[in-house]
Amino acid sequence: MYTQNTPVHVKLWHHDFWRLAIANMLLTMSVYMQIPVLPLWLAQHGDAMSTGLSMGAYGLGLFVMGGCCNYLVQRYRRNHVCQLAILMMLACIAVIYLTVCGQLPMLAEGMVALVARFCLGASFGLAQMVLVSTLIIDVCESFQRTEANHSAAWFGRFSLSLGPVAALLIYRYFNLEYVLLSSGACCLLSMVLIQLVSFPFKAPEDKVYRFSLDRFFLPSGWLLFVNLLLITTIIGLILSTPLSSMFYGMMMCGFFFALLAERFVFVNADLKSESVTGLILIIAALLMMRQSSALVNNYIPPVLIGFAIGIIGSRFLLFFIKLSRHCQRGTSQSTFFLAWETGISLGLFLGFSYLSNHIYLVGLIMAVVALVVYNFVTHPWYMQHKNR
């Protein structure tokens, strides 16, 4: 039985869950692989603003299909909806690939990339909402669902380091075209894994609206959404700077330390301790990156950042679940996903366009604001409005 103060830990489930969790990781990797290398090509074919717009358009696209998500999974087989969304992702990646290869000479390269990134966000948003908020929940028993949500989120979180590491290594020895081909291969593998899982037929509800907030956005969690978006915007700002594969590798080490800390350090700690600790570590990492040498920045700050967003993400995810009412679990998952991804894309947009010369200073200010807002506004508000 989970209590409000009990962090969730990984256990073994049926093989269907692991297939879907790995599919989630591959799907997220396919998107994150573009973060460190695509801006290099965009910068050669446009200015800083066009680069920022192309990277940030993905975040706007995330919201396009969300209102139709519940209608689609009620009207059609939910696994087929997810696979169709992944096919749309493949089409977007193919357009970017053809643009990079110079196969679309009649069109402005920057505009094609912007539209393709927007459509990529729309298709990825739909695929993730169906996969994480519906399919993974469907293959788990009711008493395992919080644990399943937690573990699936960790698979996606590790993609934040795995995707860029893979992309930078491929880019170092080959070129951007091979990075995009690998991104498409991740989508294909995720489709295969989803196909291997058998989902029972579920009769649709009697009255299904074509547009609704079900499985899309949880209005009661708006303050958590804003606070998490502010935090992940800082991460997006950091990711907009030139980072090495070692940086992302050390971030992965921070994720592992966060998993251990949840198991042994924060078990009986105060509810706000994880988020407060994480924000303090982000502030420390930004101070080091602003003043330390490049050698130091590749080791200590990424570990702190990985540890921080690991424990913050886990706590905010559980808060979203606890804030939701009956039958709103999937909606809470989608809201968490939107806050996470929108913040990263907003940070990428600002980092590549308006704030390229002030990233660490602005990041520090935002981290302090996020800490103050969480400690004095968000957490007390959550304690008053939680439903579980």
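Quick note: structure is the one above.
Attention in this report is confined to the structure presented alongside it. (Residues numbered from 1 in each chain as written. Predicted model: local features only at pLDDT ≥ 70, side-chain atom pairs only at ≥ 80, totals over all residues. Heavy atoms only, no water.)

Let's shift gears to the overall build of the protein chain. Scanning the protein chain for helices and strands turns up 15 helices and zero strands. For a compact globule of 388 residues, the expected C-alpha radius of gyration is about 21 Å, and the protein chain comes in at 20 Å, within 12% of that figure. The principal-axis extents of the C-alpha atoms in the protein chain amount to approximately 50 × 45 × 35 Å. Looking at the 388 residues of the protein chain, the share that counts as buried comes to 60%. Across the protein chain, every contact between residues at least 6 apart in sequence was considered, and the portion connecting residues at least 24 apart equals 89%. Taken as two groups, the 22 positive and 14 negative side-chain charges of the protein chain have centres that lie 6 Å from each other. (Helix = DSSP H or I, 4+ residues; strand = E, 2+ residues; numbered from the N terminus. Rg over C-alpha atoms; globule rule 2.2 N^0.38 Å. Buried < 20%, exposed > 50% of the residue type's maximum accessible area, 1.4 Å probe, protein only. Contact = heavy atoms within 4.5 Å. Lys, Arg positive; Asp, Glu negative; His and termini not counted. Charge placed at Lys NZ, Arg CZ, Asp CG, Glu CD.)

Take the state of the cysteines next. Enumeration over the complete set of coordinates arrives at zero disulfides. Here Cys68 is not cross-linked by a disulfide; its sulfur's nearest cysteine counterpart is in Cys69, at 9.0 Å. (Disulfide = S-S within 2.5 Å.)

Our focus in this paragraph is a nonpolar patch on the surface. Residues Leu169, Tyr173, Phe174, Tyr178 and Leu181 make up a contiguous nonpolar surface patch of roughly 560 Å² in combined accessible area. Only α7 (145-173) and α8 (176-195) provide two or more residues apiece to the nonpolar patch. (Patch = residues over 30% accessible without salt bridge, like charges linked within 9 Å, V, L, I, M, F, W, Y side chains within 5 Å. Areas by Shrake-Rupley, 256 points an atom, 1.4 Å probe, with all protein chains shown as cover. Salt bridge = Lys/Arg side-chain N within 4 Å of Asp/Glu carboxyl O.)

Another aspect to go through is the packing of α7 against helix α10 (residues 245-264). Axis angle and axis distance: for two packed helices, these are the angle between their axes and the distance between the axes, and together they describe the pair. Direction vectors running N to C along α7 and α10 enclose 165°, while the axes themselves pass 8 Å from each other. The pairing of α7 with α10 is recorded here as roughly antiparallel in orientation. α7 and α10 meet at a crossing whose hand is left-handed. Here His150, Trp154, Arg157, Phe158, Leu160, Ser161, Leu162, Pro164, Val165, Leu168, Leu169 and Arg172 of α7 come into contact with α10, specifically with Ser245, Tyr248, Gly249, Met251, Met252, Phe255, Phe256, Ala258, Leu259 and Glu262. A breakdown of the residues in the contact of α7 with α10 according to their chemical character gives 15 nonpolar, four polar and three charged. (Axes fitted to C-alpha atoms, helices over the stretch in contact; angles between N-to-C directions. Parallel < 35°, antiparallel > 145°, perpendicular 65-115°, else oblique. Left-handed = near helix turned anticlockwise from the far one by under 90°. Nonpolar A, V, L, I, M, F, W, Y, C, P; charged D, E, K, R; others polar.)

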